[in-house]
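Tertiary structure, described
Residue-level listing of the chains:
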Amino acid sequence: MLGLTKKDFSLLMLVVALTMLAPFILNPFPEGSAMAQFNAGYPDLMQRFVIFGIFAIGFNILFGLTGYLSFGHAAFLGVGSYAAIWMMKLLTTNIIPAMVLAVIIAGLFSLIVGYISLRRSGIYFSILTLAFAQMSFAMAYSVLTPLTGGETGLQLRNTDARILESAPDGGGISRANLFGLEMTSSYELTLGAWEFTFNVGYYIAAIVMLLAFYLSIRIFRSPFGMMLRAIKSNNTRMNYTGLNAKPYTLAAFVISGMYAGLAGGLMVAMDTQVGPERMFWTASGEVVLMTILGGAGTLIGPVLGAGMIKYMENIISKINETILHQWFAFMPDGIEDLMVTMVYPFIGKGWHLTLGLIFMGVVIFLPGGLVEGGQRIARLFGKGKAADAKDTQSTPAE
Amino acid sequence: MDAILLQILNGLDKGSAYALIALGLTLIFGTLGVVNFAHGALFMIGAFCAVTLSRIFSMSYTVIDETQTDFLGNPLKVDVPYIYDIFGQAAGEAIIDWSVPLSILFAIPVMILIGVIMERGLIKHFYKRPHADQILVTFGLAIVLQEIIKYFYGANPIPTPAPAAFAGSFDFGALVGFDPQTIIYPYWRLVYFGFAALIIGAVFAFLQFTTFGMVVRAGMADRETVGLLGINIDKRFTIMFGIAAAVAGLAGVMYTPINSPNYHMGMDFLVLSFVVVVVGGMGSLPGAVLAGFLLGILESFASMAIVLETLPGLNQIIIYLVAIIILLTRPRGLMGRKGVMEE
């Protein structure tokens, strides 16, 4: 169906179900209970899940298929964001033109960067992309201030002169919309002790992500995707067979740049602001972490990785010492304090430490990421899953 | 003329730091073939060695001094570092004052130990894995090390002053015949440059003139053959990893008075150092040093007022710009060897 094999179609349907029911799935604990802080079903975080999911899916098309490790992907996200916010500032607060422009500009920018960077491979490629991204960051931060707002960044305001709209009264921050549907508006559903939020912005972003995901499945299964995989496994042999691999890698680079631009555009649509830190190299590092953590070269991996990192960033970092004391309150006092002291460095502000450790563990023991972990567990309980797993199995990237 | 000289001098101290870190990176890459993204973290740990030692020296107990009173008439509480009791007040004060240079002695064994543990415990298992995996695992390690330091020392920069003897500035202009006060240069930066030159010289001398160094160089050229000759090259490479870690650590120790150490200083330097290594040529030690100084000086020239008027923001991007141009025109970098990191 939809040009997919049965297995891919069921994967797609699974993702559709998960994203559409996310407000329920992510809010399993009743309001006010001790576990309520593990609820991730609030609009801001759910939007981030899917937006970074798009970013990671795009990154995976480059890294997972061709093995080229770009350390500067955040630049495309940032460029997309700036393009989108200017479209919203000057034309209309409707998000569609903004996103189209974000994708086009990010695509053009990645065409330039990719054309130059892809002349080299391996670590040199990583350093070149890193250099480009750092340059973009530095320029957005300083020289291009009239265009980027410098350190403070840009915000949508009601006072912006838009061609297609008359300015509403008063200053303040205006919101993006889709034909009048505001991104921030949401519908609250209360069922007993549970509260579920259905947010317009989230559903729009989720639908975009599903389209992006579908496209990535098609790319993975196409002859083009096959060619990219061939480049990853042995580029030299490709050259010897008389094939010029560069147009293919460049196409993959531009596609993944456009995905990043789309994610950047959506980010602006959701929070209507942008700053240069979005292009800093740590942001590029983050998408690498997401993809590897989930499983590079697999379809669902990047989305899982993005979800996991954003969940940790927002939920684990919120846990503080008092909450820990509550958790361990059932223990005798001495042991309680000991447990709190032992766990404390890994949560709250220390969540980066947990992230670093998990990441190292994944790279060392599970080069295929969480997806490989899942496959191993499935094989452990092996119900003829072995043949199934072989098909989607990832290979370590180079 | 004096402006040019001033920029060269300004570039030297940053260039020295780049050169030292890049030297360590290249040592690791040249010997073990590992791309070490945790090298910046080693630089940062070195800086925190200095912080730790100065804290140890200033550990003190409180005594009530009956001879002095505060403004309310109560006896004044005075903190007396333990070190005064051990060495006497004058010597104790001098030791605290000189804590940064003294940290060198403390940092060398610590850094070598950390380097060896890192190599044996983690990096060893990654020789056969692709470079992307090496980058990723050391990137993860860098995050972990950084967070551990943050947990113990907090997120704020910790000022660690140079000895009082080096606190002032040096009127360089007067020495070479310009007007006084046109070229002034802090003493400590001069010390840093001299120190970097010394370390770089020592590393090169070690590799060039000792038997150990000879074996290491032979191993860099052809690891397999050296191994077949019955030499335990792995053990020597592990020691070289320790030495590379020590070089990065010492660069960090001496950098503390110039820039107060914070937990992410390593990452800030790492990105630039990688660019330096690539510009110098992957695996080439002289290339790394040359590129380090060259880029440091170029960076300070690009931040001159005249340059910024015509090309605003050039100081922010010059290093990356140079890197892109070099990589595209001289794929092996300035002094890269043939066959290193070429698929």
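Given the structure is predicted, the values throughout are model-derived calculations rather than measurements.

1. Overview of the overall build of chain B
The secondary structure content of chain B amounts to 15 helices and four strands. Dimensions of chain B, computed from the C-alpha atoms along their principal axes, are close to 80 × 55 × 35 Å. By the burial criterion, 47% of the 343 residues in chain B qualify as buried.

2. Let's talk about the overall build of chain A
Across its full length, chain A holds 18 helices and six strands. Within chain A, the fraction of its 398 residues that count as buried is 47%. Taking contacts inside chain A between residues at least 6 apart in sequence as the whole, the part at least 24 apart equals 72%.

3. Observations regarding helix 11 (residues 233-255) of chain B
Compared with an ideal rise of 1.5 Å per residue, which puts 23 residues at 33 Å, helix 11 of chain B spans 33 Å between its outermost C-alpha atoms and is within 8% of the ideal. The element helix 11 of chain B is extensively covered by neighbouring structure, given that 19 of its 23 residues are classed as buried.

4. Considering the interface of chain B and chain A
Where interface size is quoted, it is often the accessible area lost as the parts come together. At the interface, 33 residues of chain B touch 39 residues of chain A. Counting residues per element, the ones that place at least two in the side of chain B that touches chain A are helix 6 (131-153), helix 12 (265-280) and helix 15 (314-329) of chain B. Counted by class, the side of chain B that touches chain A contains 26 nonpolar, four polar and three charged residues.

5. Notes on the environment of Gly153 of chain A
Mapped onto the elements of the fold, Gly153 of chain A is located in the loop between helix 7 (145-148) and strand 1 (154-155). Through-space distance from the C-alpha of Gly153 of chain A to that of Tyr141 of chain A is 8.5 Å; in sequence the pair is 12 residues apart.

6. Regarding the confidence of the model for chain A
Residue and element names in this part refer to chain A. Here chain A averages 83 in pLDDT, and 94% of its residues register 70 or above. Mean pLDDT across the secondary structure elements of chain A bottoms out at helix 18 (residues 385-392), with 46, and peaks at helix 11 (residues 246-271), with 93. Low pLDDT (under 50) marks residues 385-398, which in the prediction has 30 contacts with non-local residues, meaning those over four places away or in another chain.

7. Regarding the confidence of the model for chain B
When pLDDT is averaged along chain B, the result is 83, and 94% of the positions lie at 70 or above. Predicted complex, confidence summary: ipTM 0.79, pTM 0.84.

8. Remarks on the packing of helix 12 (residues 281-294) of chain A against helix 13 (residues 301-314) of chain A
Residue and element names in this part refer to chain A. At a closest axis distance of 7 Å, the pairing of helix 12 and helix 13 adopts a crossing angle of 120 degrees. The angle between helix 12 and helix 13 falls in the class oblique. Crossing geometry of helix 12 relative to helix 13 is assigned as right-handed. Here Glu286, Leu289, Met290, Thr291, Leu293 and Gly294 of helix 12 come into contact with helix 13, specifically with Gly301, Pro302, Val303, Leu304, Gly305, Ala306, Met308 and Ile309. When grouped by side-chain class, the residues that make up the contact of helix 12 with helix 13 number nine nonpolar, four polar and one charged.

9. Some points on the nonpolar core
Among the nonpolar cores identified, the biggest contains 219 residues, and Ile54 of chain A together with Val275 and Ala323 of chain B are the most heavily contacted of them. For this core, the element with the most residues is helix 11 of chain B, which contributes 15 residues. Excluding residues within four positions of it along the chain, Ile54 of chain A makes contact with Val208, Met209, Ala212, Tyr259, Leu262, Ala263 and Leu266 of chain A.

10. Points about the pairing of strand 1 (residues 60-69) of chain B
Residue and element names in this part refer to chain B. The element strand 1 is largely exposed, with a buried count of zero among its 10 residues. Note: strand 1 against strand 2 (residues 75-81), seven bridges, orientation antiparallel. The residue bridging Ile64 from the neighbouring strand is Lys77, located in strand 2. In this antiparallel pair of consecutive strands, strand 1 and strand 2, the connection spans five residues, and Gly73 shows a positive phi of 90 degrees.

11. Topic: the pairing of strand 5 (residues 194-199) of chain A
Residue and element names in this part refer to chain A. Sheet topology places strand 4 (residues 186-191) next to strand 5; six bridges connect them, and they run antiparallel. Each residue of the ladder has a partner; that of Leu191, found in strand 5, is Trp194. From the end of strand 4 to the start of strand 5, which pair antiparallel, there are two residues, and Gly192 there has a positive phi angle of about 60 degrees.

12. Considering unusual backbone geometry
Residue and element names in this part refer to chain A. You will see that Thr272, though not glycine, has its phi angle at about 50 degrees, which is positive. Considering the arrangement of structural elements, one finds Thr272 in the loop between helix 11 and strand 6 (273-274). The class of Thr272 is buried, set by 22 C-beta atoms lying within 10 Å.

13. Focus: the environment of Arg229 of chain A
Within the secondary structure, Arg229 of chain A sits in helix 9 (residues 223-233). Arg229 of chain A sits 165 residues away from Gly64 of chain A along the chain, and the two C-alpha atoms are 8.4 Å apart.

14. Quick word on the environment of Pro75 of chain B
Residue and element names in this part refer to chain B. Note on placement: Pro75 falls in strand 2. In this structure Pro75 comes out as partly exposed when scored by C-beta crowding, with 13 C-beta atoms within 10 Å. Each residue touching Pro75, except ones within four places of it in the same chain, is listed here: Ile64, Asp65, Glu66 and Thr69.

15. Overview of the packing of helix 9 of chain A against helix 11 of chain A
All names here are of chain A. At a minimum axis distance of 10 Å, the contact between helix 9 and helix 11 shows a crossing angle of 110 degrees. Comparing the axis directions of helix 9 and helix 11 gives the class roughly perpendicular. Of the residues in helix 11, those touching helix 9 at Phe224, Met227, Leu228 and Ile231 are Tyr248, Thr249 and Ala252. Each residue belonging to the contact of helix 9 with helix 11 can be placed in one class, and the counts come to six nonpolar, one polar and no charged.

Parameters and conventions
- Residues numbered from 1 in each chain as written.
- Chains lettered and ligands numbered in written order.
- Predicted model: local features only at pLDDT ≥ 70, side-chain atom pairs only at ≥ 80, totals over all residues.
- Helix = DSSP H or I, 4+ residues; strand = E, 2+ residues; numbered from the N terminus.
- Buried ≥ 20, exposed ≤ 12 C-beta atoms within 10 Å, placed from the backbone.
- Contact = placed C-beta atoms within 7 Å.
- Expected span 1.5 Å × (residues − 1).
- Nonpolar A, V, L, I, M, F, W, Y, C, P; charged D, E, K, R; others polar.
- pLDDT = per-residue confidence, 0-100.
- Axes fitted to C-alpha atoms, helices over the stretch in contact; angles between N-to-C directions.
- Parallel < 35°, antiparallel > 145°, perpendicular 65-115°, else oblique.
- Left-handed = near helix turned anticlockwise from the far one by under 90°.
- Core = buried A, V, L, I, M, F, W, Y, C linked by C-beta atoms within 7 Å.
- Pairing = 2+ DSSP bridges.

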